[in-house]
Amino acid sequence: MYRLAVLVSGNGSNLQAVIDACRDGTIPATEVALVVSNVPDAYGLDRARAACIATAVVERRPGEARPAYDTRLRDVVARAAPDLVVLAGWMRILTAEFVSAFDVINLHPALPGELPGTRSIERAWHEALAGERTASGVMVHRVPDEAVDDGPVLATARVPIELDDTFESFAERMHRTEHRLLVDTIRDLATTPSRTEAPA
Ligand code: GRF
């Protein structure tokens, strides 16, 4: 089994797409082994519990420095022995110490080099209203260092902004695209021939 640890901070709709794809065989021989959140009441944790997946809350302690937090997080994630760590709506910047311990990928609702940080979908929408763009998109990239929403790109998908879109219809299309792209990328990584298999 190819083992995933998924890190979430909120709703977890992308987590749900990955759980469903593992269970229905869209991503073969792969399981979500652990879901971690830095937010104790993140709905993503409820989704994991409903699917009988192990969960952990790693909340930042008052005054705790980033390296100390990341060491605790690393130790929790390492116990699940993941082949891949998936940042799916994870809202903390990770230190090099954490990202160098695992193969880490991140999902970002914008195309490479565009709209890093939070509220990317809203910012794209406002740029479209101002006549500055006619499309946005989604990317999945590796996380080799501390850069925000930047790193070697694994997959992208362009999402046009239609004349009759509302913010809600555009955001809905962005989220559907995220779910598909994340599942496709994990499937590709999980089934790549370079994946090390235990000897038969
Ligand atoms: C997604 O848009 C993701 O790209 C961004 O945060 C959102 C999380 O959505 N980083 P969800 O928690 O997976 O529903």
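Along each chain, residues carry numbers from 1 onward, in the same order as the chain's sequence is written. Under the rules for a predicted model, residues below a pLDDT of 70 receive no local features and side-chain atom pairs below 80 are neither given nor counted, while totals for whole chains, interfaces and linings still include all residues. Only hydrogens and water are set aside when side-chain values are computed; all heavy atoms of the structure are taken into account.

(A) Seen up close, the site of the ligand. The local shell around the ligand consists of N11, G12, S13, N14, G89, L107, P109, H175 and E178. In this structure, N11 approaches the ligand through a side-chain N or O atom, which is 3.1 Å from an oxygen atom. Take S13: an N or O atom from its side chain is 2.6 Å from an oxygen atom of the ligand. Using a 1.4 Å probe, the Shrake-Rupley method yields the accessible areas, and only the shown protein chains count as cover for residues. Considering the ligand on its own, with 360 Å² of exposed area, one finds that the protein chains cover 83% of that surface. Amino acid classes used here: Ala, Val, Leu, Ile, Met, Phe, Trp, Tyr, Cys and Pro are nonpolar; Asp, Glu, Lys and Arg are charged; the rest, including Gly, are polar. Within the shell around the ligand, the residues separate by chemical class into two nonpolar, six polar and one charged. For each residue, the test is whether any non-hydrogen atom lies within 4 Å of the molecule or strand; if one does, the residue is near. N or O atoms closer than or at 3.5 Å make up a polar contact, with two conditions inside protein: a donor-capable atom paired with an acceptor-capable one, and, for residues adjacent in sequence, both atoms drawn from side chains.

(B) Structural detail: helix α3 (residues 66–78). Segments assigned H or I by DSSP are reported as helices when at least four residues long, segments assigned E as strands when at least two residues long, and all are numbered from the N terminus. The length a helix should cover is 1.5 Å for every residue beyond the first. Look at α3: 18 Å from first C-alpha to last across 13 residues, which is about the 18 Å you get at 1.5 Å a residue. Any residue under 20% of the maximum accessible area for its type is buried, any over 50% is exposed, and the rest in between are partly exposed; the area is computed with a 1.4 Å probe on protein chains only. Regarding α3, the residues found buried are Y69, D70, L73, V76 and V77. Seen end-on, α3 carries its buried residues on one side only, within an arc spanning 120°. Any pair of residues with heavy atoms lying within 4.5 Å of one another is described as a contacting pair. Packed against the buried residues of α3 are β1 (2–8), β2 (30–37), β3 (55–57), β4 (84–87) and α4 (96–99). This arc describes the spread of directions from the helix axis toward the C-beta atoms.

(C) Molecular detail of the pairing of β1. Of all seven residues that make up β1, six are buried, and the element is covered over most of its length. Pairs of strands are assigned from DSSP output, requiring at least two bridges between the strands. Relative to β2, β1 runs parallel, the two being bridged by seven bridges. Bridge pairing in β2 places V6 opposite V35. Consider the strands pointing away from the viewer: the crossover is right-handed when the path from the first strand over the helix to the second runs clockwise. Note that the unit made of β1, helix α1 (residues 13–23) and β2 has a crossover that is right-handed. As paired elements, β1 and β4 share four bridges and run parallel to each other. Bridge pairing in β4 places A5 opposite V85.

(D) Molecular detail of unusual backbone geometry. One non-glycine residue with positive phi stands out, namely C52, at about 60°. Along the chain, C52 falls in the loop between α2 (43–50) and β3. For C52, a relative accessible area of 73% gives the class exposed. Of note, R119 is a non-glycine position whose phi angle comes to about 55°, a positive value.

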